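Fold and contact review
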Amino acid sequence: MVANIKDKAVIVGVGNTEFSKNSGVSELSLAVQAIKTALDDAGLTPADVDGMATFTMDTSDEIEVARALGVGNMSFYGRAHYGGGAATSTLHQATMAVATGMAETVVCYRALNGRSGHRFSGGVSGDITTADAIHWGWYMPYGLLTPASWVGMFTQRWMHNTGIGKDALYEVAKSARDYGANNPAAFFHGQTFDRAEYDAQRMISTPLQLFDCCQESDGGSAVIVTTPERARDLKQPGVAIRGVAQCAAKDQEQMTSFYRDEFAAIPEMEIAASDAYAQSGLTAADIDAAVIYDAFSPIVLWQLEAWGFCGAGESGDFVKDGALRRDGRLPTNTHGGQLSEAYIHGVNGIVEATRLVRGTSVNQPDKTVNHALVTSGVGIPTGGAVLGKLDL
Amino acid sequence: MNEEQQQAFEDLIYSYVGKVVCQRMPAKDAVNEPMIRHWAEAIGDNNPAYSDPQWAADSQRGKMIAPPAMMYSWGQEGFPVVAQGRTPDAQSELVERFNENGFFGTLGTNVKQEYFKEVGIGDTVYMEMVVDNISEQKATGRGIGYFFETLATFSDQHGDPIGTQRFRVLKFIPPAEQAAASSSDNDEALEVPTRIASPRGHDNKWWWDACDEGKVLIQRCKNCQTLRHPPRPMCGECQSMEWDSIESTLAGEVLSFTELHHPKIPGYQYPLVCAVIKLAEGTNLVANVVGCEPEAVHIGMQLQGKVEQIDAKTMLPQFYPA
């Protein structure tokens, strides 16, 4: 069965806070700043909001956000689990609420002090006994306790299986950095690097070096979703959700699915891609630009294959041919990505994908962007969304 | 060291803060081209501002300068220090106080230089140095210790500031000494960090308890005999909740691996390699690969594991090249 959600929910406003390494304010403050910016962008007020969607990991409760912003009665509040895997799942929640009439205007948000507060690079710890902590317990005693170490384990095997080398990882990191260097909002604005500098960075967890890893950032991002009818009366051209899917595939663990027959793979993303395409009636050939979750450089390559932009094992050549560049087949992470703009758990990616469809990215490709893809993190239950111009 | 001893020791070391290591004194040689050339060659710095008089004359400065980072080099003692040893000063005395108390380990952790004025050929660099600060006691990846920092201040023959250099050193109790120190003085022993243990709940405690006794078990469905790891309360194949276990022979093969470089976590010994290992019984297990250089680990490598005591609190399977 294909979910009947095509064009039933529309992104009408987007907003980011400033990105920094030390915001000096609470995560709640970042959340409401981002949401207010997104509401202003849409030409809406807090009183128009009747629903919210965020990450289970977010520390700003919906009701706290609502009181701080001055939102009235809410009829929907849903959260998605699994870290960065929840990025487009906020859209998934919002779309289901708006398409079914459970709510009319839903705010998707994520705000974190990811550098000055809790840092993911600090690793997981064994201080609490939950099912989650017991899961990490199979890895922590051996030292495998940071995101880079889990992704390093996948990457080593994937490179071994495909023969794809660091050239391809470099191109993912380098193209993101070149976009970010031209984006005044990006943390690495004005700072590029070359191959020698990339190679000289310290090793984090083999084969991942520093520039293969995203930043740790303080900041917030928000996206406003409403009905197509309402969208047509608002300030910005509507960006419709053509398809949005999430998937937890068989034998999934959180970042450590090491027990599948071939674990250097992301079947959950392949299934989500197939579902999102089926909902939208589109294929990879229809996608003009993309924001692909880039916590680490190699995961962009796996997703290019999962979403059918190239065949299995061909993503290395695909990116080395310049596909991710502004004049390439699939301009990707044009804001600089999480590698070079900021790490806001992928929600700044939804902001950028919306801008690409509106035609307002700071690195807008010359070609018309009718459809853009945006994805969530990998190694975990994940998903993605296909966005398009509301009235094409 | 008990609390009282530690207090006395800290009073002693903190008394060195502010002590002069060396009074302001000139370098033996004025800034000169051959020394600059040797330094730039050794570092691999080809900046013509340091090496090409013609280029330098045409540049904004109008003359050659010494590399600012070379500031500290001008005052370095040469061969006599190696041959005859260093004249005692406040820094060497402080180091001796640490060594006497078991903090034998020495690790230069970082150098921070600031530059105020450039110097050129013929200028003379003067240096003075003090012990600037000593940290509180820290539990680091290398062991328990203290960071101390010296502050060197550089000036020229006119007394104009050239720059400063902060040099930070960790003095620590190396792990072997740490164990000895705590066993001989166990009433108020320093806590040595250990590996982060798994929490133990209904579904996994039996596995870790067996590991503490030197065995790696694999859960087996009593109904359909399917092996499963990590343990779960129900068989995903036949939904039976009845299970027993078999003991692994710990023969295995590397399916993938990663060497952990950063961040280094207290309680873990580096170099550190983690691998996904396919056990001969058919299930996969994450564990460390030891007993060879990290560079020698490869996919397909055959391993033999054994359960070993890693630290005071931790028993874990460790795998060696077969």
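Here the structure is a predicted model, which means the values were calculated and not measured.

Definitions and cut-offs
Residue positions are counted from 1 within each chain, in the order its sequence is given. Ligands are numbered from 1 and chains lettered from A, in the order in which they are written. Selection of residues for local features in this predicted model requires a pLDDT of at least 70, selection of side-chain atom pairs for listing and counting requires 80 or more, and totals for whole chains, interfaces and linings are taken over all residues. Note that water and hydrogens are dropped before the side-chain values are worked out from all heavy atoms of the structure. Secondary structure follows DSSP: runs of H or I at least 4 residues long count as helices, runs of E at least 2 residues long count as strands, and numbering of each begins at the N terminus. The size measure is the radius of gyration over C-alpha atoms, and the globule rule it meets is 2.2 Å times the number of residues to the 0.38 power. Burial classes follow relative accessibility: with a 1.4 Å probe on protein chains only, a residue under 20% of its type's maximum area counts as buried, one over 50% as exposed, and anything between as partly exposed. Note on definitions: a residue-residue contact is assigned when non-hydrogen atoms from the two residues lie within 4.5 Å. UniProt positions are given in the numbering used here, feature names are shortened, and annotations may be inferred rather than shown by experiment. Between Lys or Arg on one side and Asp or Glu on the other, a salt bridge is scored when a side-chain nitrogen of the former is within 4 Å of a carboxyl oxygen of the latter. For two strands to be treated as a pair, DSSP must find at least two bridges joining them. For helices, the fitted line uses only the C-alpha atoms of the stretch in contact; every axis is such a line through C-alpha atoms, and the angle between N-to-C directions lies from 0 to 180 degrees. Here, two cysteine sulfur atoms that lie within 2.5 Å of each other are counted as a disulfide. Throughout, the accessible surface (probe 1.4 Å) given up by two parts as they are put together, summed over both, is called the buried area. For the purposes of these results, a polar contact is taken to be a pair of N or O atoms within 3.5 Å, where, inside protein, one atom must be able to donate a hydrogen and its partner to accept one; residues adjacent in sequence count only when each atom of the pair is a side-chain atom.

1. Section: the overall build of chain A
Per the secondary structure count, chain A includes 13 helices and 11 strands. Its C-alpha atoms give chain A a radius of gyration of 19 Å, within 12% of the compact-globule value 21 Å for 392 residues. The dimensions of chain A, computed from C-alpha atoms along their principal axes, are 50 × 50 × 45 Å. Taken across its 392 residues, chain A has 66% of its residues classed as buried. Considering only residue pairs separated by 6 or more positions, chain A has 78% of its internal contacts joining residues 24 or more positions apart.

2. A look at the UniProt feature "domain: ChsH2 C-terminal OB-fold" (unreviewed entry) in chain B
Under the present numbering, the feature "domain: ChsH2 C-terminal OB-fold" (unreviewed entry) in UniProt falls on residues 251-304 of chain B. Span residues 251-304 of chain B is 0% helix and 50% strand, its end C-alpha atoms 5 Å apart.

3. Remarks on the pattern of salt bridges
Residues and elements named next belong to chain A. Inspection of the entire model under this criterion finds 31 salt bridges over all chains. We note a salt bridge from aspartate 58 to arginine 110, for which the minimum N-O separation is 3.0 Å. In this pair, aspartate 58 is assigned in the loop between β2 (51-55) and α2 (62-69) and arginine 110 in strand β4 (residues 106-113), connecting sequence segments 52 residues apart. Each member of the pair, aspartate 58 together with arginine 110, is buried. Put simply, glutamate 171 and arginine 325 hold a salt bridge, and the shortest N to O gap is 2.9 Å. Highlighted residues: glutamate 171 in helix α6 (residues 166-181) and arginine 325 in the loop between α11 (315-320) and α12 (337-340), separated in sequence by 154 residues. Three or more residues are tied together by salt bridges with common partners; here these are Glu171, Lys174, Asp178 and Arg325.

4. Description of the sheet that holds strand β7 (residues 217-221) of chain B
Residue and element names in this part refer to chain B. An order of β8-β7-β9 is seen for the 3 strands of this open sheet, with the pairing classed as antiparallel. The open sheet terminates on both sides in strands that have one partner only, identified here as β8 (227-228) and β9 (243-247). As paired elements, β7 and β8 share 2 bridges and run antiparallel to each other. Across the sheet, residue arginine 220 finds its bridge partner in β8, namely leucine 227. Contacting β7 and β9, helix α8 (residues 205-212) runs over the sheet at an angle of about 145° to β7.

5. A few points about the state of the cysteines
Disulfides are covalent bonds that link the sulfur atoms of two cysteine residues. For the coordinates displayed, the defined rule picks out 0 disulfides over all chains. Residue cysteine 292 of chain B stays outside any disulfide, its sulfur separated by 13 Å from that of cysteine 274 of chain B, the closest cysteine.

6. What to know about the interface of chain A and chain B
In this complex, chain A contributes 33 residues to the contact, which on the side of chain B involves 36 residues. Summing both partners gives a buried area of about 3000 Å² for chain A against chain B, and 67% of it is carried by carbon and sulfur. When the buried surface of chain A facing chain B is broken down by residue, Trp138, Pro141 and Tyr142 of chain A rank first, second and third, together holding 29% of it. At the surface where chain A touches chain B, the tally comes to 0 salt bridges. Where chain A touches chain B, the interface holds 13 residue pairs in polar contact (both at pLDDT 80 or more). Contributions of two or more residues to the side of chain A that touches chain B are made by α4 (131-136), α5 (147-162) and β5 (203-205) of chain A.

7. Topic: the UniProt feature "domain: Thiolase C-terminal" (unreviewed entry) in chain A
Per the UniProt record, the feature "domain: Thiolase C-terminal" (unreviewed entry) sits at residues 259-379 of chain A. Annotated as 38% helix and 7% strand, the span residues 259-379 of chain A places its first and last C-alpha atoms 13 Å apart.

8. Remarks on α8 of chain B
Residues and elements named next belong to chain B. Along α8, the residues that are buried comprise Trp206, Trp207, Trp208, Ala210 and Cys211. Where α8 is buried, its residues touch β7, β9, β12 (284-289), β13 (302-311) and β14 (314-321). Immediately beyond the C-terminal end of α8, within one or two residues, lies glycine 214, with a positive phi of roughly 90°.

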